[in-house]
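Remarks on the overall topology
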Amino acid sequence: MTRHIHRRAFLRSSLYAAGLAALTACGSTPATARRGGTLRAAFTGGGASETLNFLTGPTALDSVRARAMHGKLGTLDPAAPDGVRYSVLEGIDVSSDLRTYTLRLRKDVTFTDGSALTTRDVLYSLNAPVLLGALPYLKPPAQNFDLGAARIVDDLTLVLPAKQPIADGRLVLCQSTLVVKDATTAFMPDMPTCGPFRITEFVPGQGSTLARHEGFYGLALGRGPYLDSLELRSIPDSNARVNALTGGQLDFVGDIGPVKARTLEANKRFGVSSGQLPHATSFGFMMNLAHKPFDDVRVRQAFKLAADREGMVRSVLFGRGFVGNDLPSLGFADYAAEIAQRPHDVQRARALLREAGAEGMPITLTTGSDVAGLVEVSTLYIENLKEIGVQATLDQRPPGQLFADIKSYYQLPFTATYSPPSPPLSGYANTRTAGAPSTFGFNRPDIDALVLRARSATDPAQRREAAVQAQRLMWEEGNSVLPVFAPTINGQAANVQGVTNEPWADFSGAFLA
């Protein structure tokens, strides 16, 4: 256990150092920030379907714009004492039995209409994904807390009962919760908001303009926003975004991919920034246990050993990625870093296929370009599988089609996937328990029980032991190949400073030097 503690401590310190390095690379500290100016940025949007309703807006532009407009409970940060950095909250107190969470609000948070943020607004915001409908990743607070039994103590104190004892409730609450006013049902440009900027214009498919929210609590703390205004434009093609940056029409462009990042880095007029762990997207491949021979664990292990992870990071991501170990949530505190890194072992993989009677098996990997780099990683993996004797072919779906029919997607024998960063235990509980469709037939009540035990343990050592045991079973017997993690890579003019990526671009501390 001592070794485990040391490794986790090392991971935390490494992540903290990486975070500082990233901030340094992006620019100066707030002490040197210059106030004023307009920053023009572009991201992948959704065309005419773009919406100010962040509960249903799935694109990068939707997420960036929402975080500029709305206050958030906090940001996941493994280096912080509670695993989160609080925003509109002063903190969250957890009872000793892990059954009660008390949220304490800051006193100085106001909406753009001058009204103060209260616990009624926060409670409504936690309920909103269920009341109004939302993307699945926004629903964990309602899945883990009995919001109907919440108790408003006063305007600044809110008590939430957990549905069962959980130790990672702070992460669940702060992972994605943005705050709106109580009873909000329409998301319009004139709606009161409490984020660093207020929206002044919104045209779906084109973009939006935002002005500094002069009542934002961060200003009194010297944290920004420093910009007078922000322009967010919708440009779906990454080449067009980069061309607009190099042509001087933009100051910042999101998700440019590793190839274009190399091009920009060669020009002193521009810079490149990228997210750091744990804010990286996992690229992976799912083996469906309903299709033979993936029901044989030896075949699944062979497919994992076939992956040349270092090669993927080097040749596909050009070094801007992280080697995965067939486990999600790399970089989070509960990630089992003590499990040995799986090697690239062609001979052992061949032997396992031979033992399973699966030599020369044919298989088609279905993939798509829904996120930059996924097709390229899939293509290299096909070559890896051929090296161990698999007759592997690639089925590349048109952009936006890989997940278009989600029920059909879950029936595929072998498919590519990707997942945004989320803590390992709550992420598993929300998406992979009781044989959920996203498990592709890997229904393991024993792992479900271990995850539940880890989340509910009041003793940190017991919690760690159960968490590692659950992840070790997934590593040894699971049906996920997770070879790499890729951060979002952004390009920017040389005078752009202070933008952070956690995992979306955050302009609350940005300025133009």
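Since we're looking at a predicted model, the values are computed, not measured. (Residues numbered from 1 in each chain as written. Predicted model: local features only at pLDDT ≥ 70, side-chain atom pairs only at ≥ 80, totals over all residues. Heavy atoms only, no water.)

**Overview of the overall build of the protein**
Let me state the cut-off plainly: Strands are runs of DSSP state E lasting at least two residues, helices are runs of H or I lasting at least four, and both sets are numbered from the N terminus onward. In this treatment the radius of gyration is a C-alpha quantity, and the globule benchmark scales as 2.2 Å times the residue count to the 0.38 power. Relative accessibility thresholds used throughout: buried, under 20% of the residue-type maximum; exposed, over 50%; partly exposed, between the two (1.4 Å probe, protein chains only). In what follows, residue pairs with any heavy atoms lying within 4.5 Å of each other are defined as contacts. Areas reported as accessible are Shrake-Rupley estimates using a 1.4 Å probe. Residue values count occlusion only from the protein chains shown. His residues and chain termini do not enter the charge count, which takes Lys and Arg as positive and Asp and Glu as negative. A single reference atom marks each charge: NZ on Lys, CZ on Arg, CG on Asp, CD on Glu.
The number of helices and strands found in the protein is 16 helices and 25 strands. Here the C-alpha radius of gyration of the protein, 23 Å, is about what a compact globule of 513 residues would show, namely 24 Å. With the C-alpha coordinates aligned to their principal axes, the bounding extent of the protein is approximately 70 × 55 × 45 Å. Within the span of the protein, comprising 513 residues, buried residues form 54% of the whole. For the protein, restricting intrachain contacts to residue pairs at least 6 apart in sequence, the fraction spanning at least 24 positions comes to 72%. By element, 52% of the accessible surface of the protein is carried by carbon and sulfur atoms, the whole surface being about 20,800 Å². When the 51 basic and 48 acidic side-chain charges of the protein are each reduced to a single mean position, those positions are 3 Å apart.

**Observations regarding the packing of aromatic side chains**
Formally: Aromatic pairs are defined between Phe, Tyr and Trp rings, using the six-membered ring for Trp, whenever the two ring centres lie within 6.5 Å; interplanar angles under 30 degrees are classed as stacked, those over 60 as edge-to-face, and all others as tilted.
A complete count under the given rule lists 17 aromatic pairs for this structure. Both rings, one in F43 and one in F507, keep their centres 6.3 Å apart while their planes meet at 70 degrees; by these two values the pair is edge-to-face. Of the two residues, F43 sits in strand β1 (residues 38-43) while F507 sits in the loop between β24 (505-506) and β25 (511-512), which places them 464 residues apart along the sequence. Residues F43 and F507 agree in their burial class; the two are buried. For the pair F294 and F303, a centre-to-centre distance of 5.2 Å together with 90 degrees between the ring planes defines the contact as edge-to-face.

**Side note on the pattern of salt bridges**
The following threshold applies: Throughout this description, the term salt bridge denotes a Lys or Arg side-chain nitrogen within 4 Å of a carboxyl oxygen of Asp or Glu.
Going through the model one piece at a time under the given rule, you end up with 28 salt bridges. For E214, the salt bridge identified is with R35, shortest N-O distance 3.3 Å. Taken together, the residues E214 in the loop between β11 (207-212) and α6 (217-220) and R35 in the loop between α1 (2-26) and β1 connect sequence positions 179 residues apart. On the accessibility criterion, E214 (52% relative accessible area) is exposed.

**A few points about the nonpolar core**
Note the threshold: In plain words, nonpolar cores are sets of buried Ala, Val, Leu, Ile, Met, Phe, Trp, Tyr and Cys residues tied together by side-chain atoms within 4.5 Å.
Among the nonpolar cores identified, the biggest contains 42 residues, and F303, L353, M361, Y381, L385, V390 and F414 are the most heavily contacted of them. Among the elements of the structure, β15 (281-287), α9 (297-306), α10 (309-316), α11 (346-355), β17 (362-368), α12 (374-387), β19 (414-419) and β20 (480-486) are those that each provide at least two residues to this core. Residues F43, Y124, A493 and A510 belong to the second largest nonpolar core, which totals 34 residues.

**Considering unusual backbone geometry**
Of note, the bond from G224 into P225 is cis; its omega dihedral lies within 30 degrees of zero at 15 degrees. Tracing the sequence through the fold places P225 in the loop between α6 and β12 (229-234). Residue P278 is bonded to the preceding L277 through a cis peptide linkage, with omega at 10 degrees. Structurally, the position occupied by P278 is in the loop between β14 (270-274) and β15. Located in the positive-phi region is S329, a residue other than glycine, with phi close to 70 degrees. Tracing the sequence through the fold places S329 in the loop between β16 (322-323) and α11.

**Side note on the packing of α9 against helix α16 (residues 460-477)**
Quick note on the threshold: Angular values range over 0 to 180 degrees, each being the angle between N-to-C directions of two axes fitted as lines to C-alpha atoms, with helices fitted over their stretch in contact. Working rule for angles: under 35 degrees goes down as roughly parallel, over 145 as roughly antiparallel, 65 to 115 as roughly perpendicular, anything else as oblique. Only Asp, Glu, Lys and Arg are considered charged in this grouping, and only Ala, Val, Leu, Ile, Met, Phe, Trp, Tyr, Cys and Pro are considered nonpolar; every other residue, Gly among them, is considered polar.
Taken N-terminus to C-terminus, the directions of α9 and α16 make an angle of 90 degrees; their axes are 8 Å apart at the nearest point. By the angle between their axes, α9 is roughly perpendicular relative to α16. Every residue of α16 that contacts α9 at V297, R300, Q301 and K304 is listed here: M474, W475, E476 and E477. When grouped by side-chain class, the residues that make up the contact of α9 with α16 number three nonpolar, one polar and four charged.

**Some remarks on the state of the cysteines**
Worth spelling out the cut-off: What counts as a disulfide here is a pair of cysteine sulfur atoms lying within 2.5 Å.
Scanning all chains against the criterion turns up zero disulfides. Not engaged in a disulfide, the cysteine C174 finds its nearest cysteine sulfur in C194; these two sulfurs lie 14 Å apart. A residue is classified by how much of its surface remains accessible, and C174, at 0% relative accessible area, is buried.

**Here's the deal with α9**
Let me state the cut-off plainly: For the purposes of these results, a polar contact is taken to be a pair of N or O atoms within 3.5 Å, where, inside protein, one atom must be able to donate a hydrogen and its partner to accept one; residues adjacent in sequence count only when each atom of the pair is a side-chain atom.
Counted residue by residue, α9 has seven buried out of 10 residues, so it is predominantly covered. Capping of α9 at its N-terminal end is provided by D296; its side-chain oxygen lies 2.8 Å from the backbone amide nitrogen of R298.

**Observations concerning the sheet that holds β11**
Convention followed: A pair of strands is considered paired only if DSSP assigns at least 2 bridges between the two.
The seven strands are arranged β10-β11-β12-β1-β13-β21-β14 in an open sheet whose pairing can be described as mixed. Edge positions in the sheet fall to β10 (197-203) and β14, since each has one partner strand and no second. In the sheet, β10 pairs with β11 via six bridges, with the strands oriented antiparallel. Each residue of the ladder has a partner; that of E201, found in β11, is T209.

**Brief notes about helix α3 (residues 119-132)**
Selection criterion: Take the number of residues in a helix, subtract one, and multiply by 1.5 Å to get its expected span. Two axes are fitted around each residue, one to the seven residues ending there and one to the seven starting there, and the angle between them is reported as the bend at that residue.
With 14 residues, α3 ought to run about 20 Å at 1.5 Å a step, and its terminal C-alpha atoms sit 19 Å apart, in line with that. At L126, α3 shows its maximal kink, close to 40 degrees; a proline, P129, follows between one and four residues later. Those residues of α3 lying buried are T119, D121, V122, L123, Y124, S125, L126, A128 and P129. Contact partners of the buried residues in α3: β6 (100-105), α4 (140-144), β7 (151-154), β8 (157-161), α5 (169-174) and β9 (178-179).

**Re the environment of T281**
Locating T281 in the fold gives a position in strand β15. Ignoring any residue separated from it by four or fewer positions in sequence, one finds T281 in contact with Y418, S419, P420, P421, V484, F485 and A486.

**A few points about the side chain of S208**
Relative to the assigned elements, S208 resides in strand β11. Residue classification places S208 among the buried residues on the basis of a relative accessible area of 4%. Ignoring sequence-local partners within four residues, the contact set of S208 consists of R65, I199, E201, F202, L230, E231 and L232.

**Structural notes on the pairing of strand β21 (residues 489-493)**
A large share of β21 lies buried, amounting to five of its five residues. Along β21, one buried face is formed by I489, G491 and A493 and the opposite face, lined by N490 and Q492, is buried too. Sheet topology places strand β13 (residues 252-253) next to β21; two bridges connect them, and they run antiparallel. Its bridge partner lying in β21, V253 is registered against G491. Of the strand pairs in this sheet, β14 and β21 are connected by five bridges, and their pairing is antiparallel. For V272, the partnering residue across the bridge sits in β21 and is G491.

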